[in-house]
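# Coordinate inspection notes
Residue-level listing of the chains:
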Amino acid sequence: MTILSIFTTTEFYVTMFVLAGAIVAFSAMPRKRGPVRELLLPGKLSACSPSATPSISIEVRPDNSIALLRSGIEDVEPLSDAVSIAVAISGFSIDITERIHSVSSYTITEPKASSAMFIIDGTAPERYHIRYTSPSTQLSATMALTLKPGTKYCKNLAK
């Protein structure tokens, strides 16, 4: 009878409460994602844009690479300026930061670039969470997308 009396003590219940809290805290910890792969990709500028609205269009190619088209770029000279993206791939999360480098202080008679094309390699056919930010224009977009060859997706950038 004295062995079973341990289940009626306050110390037993406090110990079980702390143990249950530790189990809940351990199960709520985020999973380790592994190393982050970082890429810096130059954009191929073009004067023809499918949309004047700032947007991104994604197309998954047959080799599982991503063709990303950024439309609605303003005031970029194709001969002297540059648009690039910094891509950070961590697990199934892709963070893309746009960088617009403008050096021209004079006007060229060439038409201004209104879109930029990027190719992102090294992705698998999985479901990714993609975040695209443009600090210079203060626009961004987030999306969840399953990358399968032939998948096309378009999203407008917003503040």
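Parameters at a glance
- Residues numbered from 1 in each chain as written.
- Predicted model: local features only at pLDDT ≥ 70, side-chain atom pairs only at ≥ 80, totals over all residues.
- Heavy atoms only, no water.
- Helix = DSSP H or I, 4+ residues; strand = E, 2+ residues; numbered from the N terminus.
- Rg over C-alpha atoms; globule rule 2.2 N^0.38 Å.
- Buried < 20%, exposed > 50% of the residue type's maximum accessible area, 1.4 Å probe, protein only.
- Contact = heavy atoms within 4.5 Å.
- Areas by Shrake-Rupley, 256 points an atom, 1.4 Å probe, with all protein chains shown as cover.
- Pairing = 2+ DSSP bridges.
- Axes fitted to C-alpha atoms, helices over the stretch in contact; angles between N-to-C directions.
- Salt bridge = Lys/Arg side-chain N within 4 Å of Asp/Glu carboxyl O.
- Patch = residues over 30% accessible without salt bridge, like charges linked within 9 Å, V, L, I, M, F, W, Y side chains within 5 Å.

Attention now moves to the overall build of the protein chain. When helices and strands are tallied, the protein chain shows one helix and ten strands. Mapped in sequence order, the helices and strands of the protein chain form the string α-β-β-β-β-β-β-β-β-β-β. Rg of the C-alpha trace for the protein chain: 25 Å, well past the compact-globule value of 15 Å for 159 residues, more than 25% over. Considering only C-alpha atoms, the protein chain reaches an extent of 95 × 35 × 25 Å along its principal axes. Considering the protein chain as a whole, with its 159 residues, one finds that 30% of them fall into the buried category. Across the protein chain, the fraction of contacts at a sequence separation of at least 24, relative to all contacts at a separation of at least 6, is 65%. Of the roughly 10,400 Å² that the protein chain leaves accessible, carbon and sulfur atoms contribute 61%.

As a further point, take the sheet that holds strand 8 (residues 127-134). Across the sheet, five strands lie side by side as 1-5-6-8-9; this open sheet has mixed pairing. The outermost strands of the open sheet, each flanked by one partner alone, are strand 1 (37-42) and strand 9 (139-146). Neighbour to neighbour, the strand axes of the sheet diverge by 15° on average, direction disregarded.

Phi at N64 takes a positive value of approximately 65°, unusual for a residue other than glycine. You can see N64 is positioned in the loop between strand 3 (55-60) and strand 4 (66-76). Unlike most non-glycine residues, Q138 shows phi in positive territory, near 55°. Residue class for Q138 comes out exposed when judged on its relative accessible area of 58%.

Attention shifts here to the pairing of strand 9. Alternating residues of strand 9 divide into L139, A141, M143 and L145, all buried, and S140, T142, A144 and T146, none buried. Across eight bridges, strand 8 lies against strand 9 in antiparallel orientation. Bridge pairing in strand 9 links Y132 to A141. Counted between consecutive antiparallel strands, the loop separating strand 8 from strand 9 contains four residues, among which Q138 sits at a positive phi close to 55°.

If you walk through the whole model with that rule in mind, you get two salt bridges. Across the salt bridge formed by D95 and R131, the nearest N and O atoms sit 3.4 Å from each other. With D95 in strand 6 (residues 93-101) and R131 in strand 8, this pair connects stretches of sequence that are 36 residues apart. For D95, a relative accessible area of 26% corresponds to the partly exposed category. With a relative accessible area of 42%, R131 lands in the partly exposed category.

For the rest of this paragraph, the subject is a nonpolar patch on the surface. A contiguous nonpolar surface patch, about 300 Å² in accessible area, is contributed by L4, I6 and F7. Note that L4 resides in the segment before helix 1 (10-28). Looking at L4, the relative accessible area reads 54%, which means it is exposed.

What follows deals with the sheet that holds strand 4. If you trace the five strands from one edge of the open sheet to the other, you get 2-7-4-3-10, paired in antiparallel fashion. Bordering the open sheet on either side are strand 2 (44-46) and strand 10 (152-156), each of which pairs with just one other strand. Between one strand axis and the next, the sheet turns through 20° on average, direction left out of account. Judged from the five bridges that link them, strand 3 and strand 10 form a sheet pairing that is antiparallel. Residue I56 lies in a different strand from strand 10, and its bridge partner there is K155.

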